[in-house]
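# Commentary on secondary and tertiary structure
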Amino acid sequence: MKHQPIRIRYLLLVLNIVLLVVLAYRALLLPRWWPRIAAEVVVGGKEMRDARVWRSPEGTFLVDIKGVGYYVNPRLQGFALATGDYKVLFGRCFWLDLPPGTVPVGGAKADFDPELTVDYPFMSFHDGAIVGSKGTLVTIRIPEGAW
């Protein structure tokens, strides 16, 4: 009977450690894992079946078209290139660094104006593949419930 309180203390210690690990995962790593959504991507009038779209817990999107990533923040009307800042693991997007900041559309710091428009359920922008040019129109249909 003397050993029972010690076992309870160890059990409580283990439970607290597990709880701390779960909370640390949720706070530090979970925002970096973005689930893929079943969005339709059209580039220059052609549907891109190999394009992928992920959504962050905050409502921002990463659009990957042939290895080029576009980070889009529809709430702030922000846009940035995101090449190399993410990896795809287990069907989810994992950010190596925090997601990049965005430059306001038409801002002085932008090399080009992507003309980002958000009209539920569509998002569209020009990819600006050549700096100084308008680029190709990219239209994304975000499925209901993914906004």
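Above this text is the structure in question.
Please read all numbers here as calculations on a predicted model, not as lab measurements.

The strand order across the open sheet formed by three strands is β1-β10-β9, and the pairing between neighbours is antiparallel. Every other strand in the sheet has two partners, leaving β1 (33-34) and β9 (86-89) as the edge strands with one partner each. The pairing of β9 with strand β10 (residues 92-95) spans four bridges and is classified as antiparallel. Looking across to β10, one finds that Val88 is bridged to Cys93.

Another point: the pattern of salt bridges. Any two side chains of opposite charge can pair, on the condition that their charged atoms come close. Summed over the entire model, instances satisfying the criterion amount to two salt bridges. A salt bridge links Arg49 to Glu47, with the shortest nitrogen-to-oxygen separation between them at 3.6 Å.

Turning our attention to the packing of aromatic side chains. Counted according to the given criterion, the structure contains seven aromatic pairs. With a centroid separation of 4.8 Å and an interplanar angle of 50°, the aromatic rings of Trp33 and Phe94 are classed as tilted. Pair noted here: Trp33 is in strand β1 and Phe94 is in strand β10, with a separation of 61 residues, a long-range link. Accessibility expressed as a relative area gives 19% for Trp33, which makes it buried. On the basis of an interplanar angle of 85° and a centroid distance of 6.0 Å, the ring pair of Tyr71 and Trp95 is categorised as edge-to-face. Taken together, the positions of Tyr71 in strand β7 (residues 68-73) and Trp95 in strand β10 put the pair 24 residues apart, joining distant regions of the chain. Across the pair, exposure class does not vary: Tyr71 and Trp95 are buried alike.

Thresholds applied
Residues numbered from 1 in each chain as written. Predicted model: local features only at pLDDT ≥ 70, side-chain atom pairs only at ≥ 80, totals over all residues. Heavy atoms only, no water. Pairing = 2+ DSSP bridges. Helix = DSSP H or I, 4+ residues; strand = E, 2+ residues; numbered from the N terminus. Salt bridge = Lys/Arg side-chain N within 4 Å of Asp/Glu carboxyl O. Phe/Tyr/Trp six-rings, centres within 6.5 Å; stacked < 30°, edge-to-face > 60°. Buried < 20%, exposed > 50% of the residue type's maximum accessible area, 1.4 Å probe, protein only.

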